[in-house]
Amino acid sequence: MCNNKQIVIDGPDQILYQWDKGQRLLLRGYEPGTRVDFARCNQEKATSVYAYAEDGAVFCDIPDTILMEPNHIRGFVYVIDGDRGETVREFMLPVI
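These notes cover the structure that comes with them. Owing to the predicted nature of the structure, the values given are computational and were not obtained by experimental measurement. (Residues numbered from 1 in each chain as written. Predicted model: local features only at pLDDT ≥ 70, side-chain atom pairs only at ≥ 80, totals over all residues. Heavy atoms only, no water.)

**A short note on the overall build of the protein**
Counting its secondary structure elements, the protein contains 0 helices and 8 strands. In sequence order, the secondary structure elements of the protein are arranged as β-β-β-β-β-β-β-β. Relative to the 2.2 N^0.38 estimate, which gives 12 Å for 96 residues, the radius of gyration of the protein is 13 Å and therefore close to what a compact globule would have. Expressed as a percentage of contacts within the protein between residues at least 6 apart in sequence, the contacts between residues at least 24 apart total 52%. In the protein, which carries 10 positive and 15 negative side-chain charges, the distance between the mean positions of the two groups comes to 3 Å. (Helix = DSSP H or I, 4+ residues; strand = E, 2+ residues; numbered from the N terminus. Rg over C-alpha atoms; globule rule 2.2 N^0.38 Å. Contact = heavy atoms within 4.5 Å. Lys, Arg positive; Asp, Glu negative; His and termini not counted. Charge placed at Lys NZ, Arg CZ, Asp CG, Glu CD.)

So this is what it looks like as structure tokens:
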């Protein structure tokens, strides 16, 4: 099911730096409206964003506030289907 799905940093260098702004992920194989939750590795509280379509691709913005510390970011793809919802993928993003 997830074989054709991929999450990558949108940009040529595939690196996130502390204090970066306006960064986003390219979500291959996911639909616009997919929820992505972001949290720093040392935090329990997550920030949710929703994927959107642009130029035939699907993206989600990485919250600028999550990039204020040089710590790994945990990401969770949460899919909602009617009254049901579940986390279908977890990923890690290093912040230098």
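**A closer look at the side chain of Asp37**
When you line up the elements, Asp37 lands in strand 3 (residues 35-40). At 3.0 Å, the side chain of Asp37 forms a polar contact with the side chain of Arg35. (Polar contact = N/O pair within 3.5 Å; in protein donor to acceptor, adjacent residues only side chain to side chain.)

**Examining the pattern of salt bridges**
Counting across every chain of the model gives 5 salt bridges. Taking the shortest distance from any N to any O, the salt bridge between Arg24 and Asp10 comes out at 2.7 Å. Within this pair, whereas Arg24 is found in strand 2 (residues 24-28), its partner Asp10 is found in the loop between strand 1 (6-9) and strand 2, the two being separated by 14 residues in sequence. For Arg24, a relative accessible area of 17% gives the class buried. Put simply, Asp37 and Arg35 hold a salt bridge, and the shortest N to O gap is 3.0 Å. Of the two residues, Asp37 and Arg35, both sit in the buried class. (Salt bridge = Lys/Arg side-chain N within 4 Å of Asp/Glu carboxyl O. Buried < 20%, exposed > 50% of the residue type's maximum accessible area, 1.4 Å probe, protein only.)

**Observations concerning the packing of aromatic side chains**
Here the structure, examined in full by the defined rule, presents 2 aromatic pairs. Relative to Phe59, the ring of Tyr52 has its centre 6.2 Å away and its plane inclined at 35°; by these criteria the two rings are tilted. Looking at Tyr52, the relative accessible area reads 24%, which means it is partly exposed. On the basis of relative accessible area, Phe59 is assigned to the buried category, the value being 7%. A cation over an aromatic ring shows up here: Arg24 above the ring of Phe59, its NZ or CZ 3.6 Å from the ring centre. Here Arg35 stacks its cationic end above the ring of Tyr78, 4.1 Å away from the centre of that ring. (Phe/Tyr/Trp six-rings, centres within 6.5 Å; stacked < 30°, edge-to-face > 60°. Lys NZ or Arg CZ within 6 Å of the ring centre and 35° of its normal.)

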